[in-house]
Amino acid sequence: INQGLYQLLRQVSNMSDAYQYASAPQQGMELGDLTWVLREVLEKCQAVTQEAGRKLEYTLPQDSCITRMNRSLLERAVCNLLSNALKFSPEGSCLHFSFQRSGALARLTLYDPEAILTSEMLATLHRRYTRQAGLEDPRQGTGLGLVLARCAAIAHGGTLLLAPDSRGGTRYCLTLQLNDQDNGVLRDHIQMDYAGNYDHILVELSDVLPSQLYGPKQVND
């Protein structure tokens, strides 16, 4: 029941925000350290991924990367890519995340050496509500998670690509345009937390994590 609450919260927020960020992609931007944000998110994801029977490895640069970004949106994008990869990867597999910078372009890549997405899946992954859920394959959802990840890429001047990798498996690549210029726009820090103050990582990965992680203590907190 507790896990179902997290799943419902994720679905509702994705339904709302996928349209919100598509119509106003530049909202919520502020200067921050992209390397630090990714490290914080991936450390948390690494711990809970082990509970799902997989391993997550990541490679980040040592240097800071200051850029204008929507931290919450990027966090959700990374988690949605990981959630999708976990759904299609077998137990015991190892996922690899990397952040590479080339001039003003940042490339966030999640590589799953085991998952295989068919051409039919790849053709509809970015379309709202076109992924048909069925009892025979519970991995299929509404597709809004990847729509939100694509909105995050577009909001940061980039794009989201999913493709089979030459080594086998599937590669998710989210690119961002780096911009360290402060435009002088003040951000309103009094904002509603989209996750209702629940743990963001547990919310975003609620479809793929084991139910024992969703005890009364986490919900009450």
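Residues numbered from 1 in each chain as written. Predicted model: local features only at pLDDT ≥ 70, side-chain atom pairs only at ≥ 80, totals over all residues. Heavy atoms only, no water.

1. Brief notes about the overall build of the chain
- Counting its regular elements, the chain contains seven helices and seven strands.
- Each helix and strand of the chain, placed in order from N terminus to C terminus, yields the pattern α-β-α-β-β-α-β-β-α-α-β-β-α-α.
- Per-residue burial over the chain gives 47% buried out of 221 residues.
- Across the chain, the fraction of contacts at a sequence separation of at least 24, relative to all contacts at a separation of at least 6, is 72%.
- Accessible area for the chain stands at about 11200 Å²; split by element, carbon and sulfur atoms hold 51% of it. (Helix = DSSP H or I, 4+ residues; strand = E, 2+ residues; numbered from the N terminus. Buried < 20%, exposed > 50% of the residue type's maximum accessible area, 1.4 Å probe, protein only. Contact = heavy atoms within 4.5 Å. Areas by Shrake-Rupley, 256 points an atom, 1.4 Å probe, with all protein chains shown as cover.)

2. Topic: the nonpolar core
- L34, L38, F97 and L209 are the most contacted members of the largest nonpolar core, which totals 51 residues.
- Looking at this core, the elements with two or more residues in it are α2 (34–51), α3 (71–88), β4 (94–102), β5 (105–112), α5 (144–155), β6 (160–164), β7 (170–177) and α6 (200–204).
- Here this core takes nine residues from α3, the largest share from any one element.
- Every residue in contact with L38, bar those within four places of it in the chain, is listed here: L60, V78, F97, F99 and L108. (Core = buried A, V, L, I, M, F, W, Y, C linked by side-chain atoms within 4.5 Å.)

3. Let's talk about the sheet that holds β7
- Ordered in space as β2-β4-β5-β7-β6, the five strands form an open sheet in which the pairing is mixed. Strands at the two margins of the open sheet, each flanked by one partner only, are β2 (55–59) and β6. Across the sheet, the axes of successive neighbouring strands diverge by a mean angle of 15 degrees, strand direction being ignored.
- Most of the contacts of α3 go to β7, to which it runs at about 170 degrees, and overall it touches β2, β4, β5, β6 and β7. (Pairing = 2+ DSSP bridges. Axes fitted to C-alpha atoms, helices over the stretch in contact; angles between N-to-C directions.)

4. Describing the confidence of the model for the chain
- Here the chain averages 82 in pLDDT, while 77% of its residues score no lower than 70.
- Mean pLDDT in the chain bottoms out at helix α7 (residues 216–220), which sits at 53, and peaks at β2, which reaches 96.
- Low pLDDT (under 50) marks residues 128–139, which in the prediction has 26 contacts with non-local residues, meaning those over four places away or in another chain. (pLDDT = per-residue confidence, 0-100.)

5. Here we look at the pattern of salt bridges
- One pass over the full model with this rule turns up six salt bridges.
- E40 serves as the salt-bridge partner of R71, at 2.0 Å between the closest nitrogen and oxygen. Of the two residues, R71 is situated in helix α3 and E40 in helix α2; the sequence distance between them amounts to 31 residues.
- Under the relative-accessibility criterion, E40 is labelled partly exposed at 22%.
- Of the charged contacts, one joins E204 and R76 as a salt bridge, the two residues approaching to 3.4 Å between their closest N and O atoms. (Salt bridge = Lys/Arg side-chain N within 4 Å of Asp/Glu carboxyl O.)

6. Points about the packing of α3 against α5
- Packing of α3 against α5 brings their axes to within 8 Å, and their N-to-C directions diverge by 140 degrees. With respect to their mutual orientation, α3 and α5 come out oblique. For the pair α3 and α5, the sense of crossing is left-handed. Between α3 and α5, the contacting residues are L73, R76, A77, N80, L81 and N84 on the first element and G145, L146, L148, A149, C151, A152 and A155 on the second.
- A per-class count over the contact of α3 with α5 returns nine nonpolar, three polar and one charged. (Parallel < 35°, antiparallel > 145°, perpendicular 65-115°, else oblique. Left-handed = near helix turned anticlockwise from the far one by under 90°. Nonpolar A, V, L, I, M, F, W, Y, C, P; charged D, E, K, R; others polar.)

7. Points about the packing of α2 against α3
- Put simply, α2 and α3 touch, their axes get as near as 10 Å, and they point 35 degrees apart. For the element pair α2 and α3, the recorded crossing hand is right-handed. For the pair α2 and α3, contact is made by L34, W36, V37, L38, E40, V41, L42, C45 and T49 and by R71, L74, E75, V78, C79, L82 and L86, respectively.
- Class assignment of the residues belonging to the contact of α2 with α3 gives a composition of twelve nonpolar, one polar and three charged.

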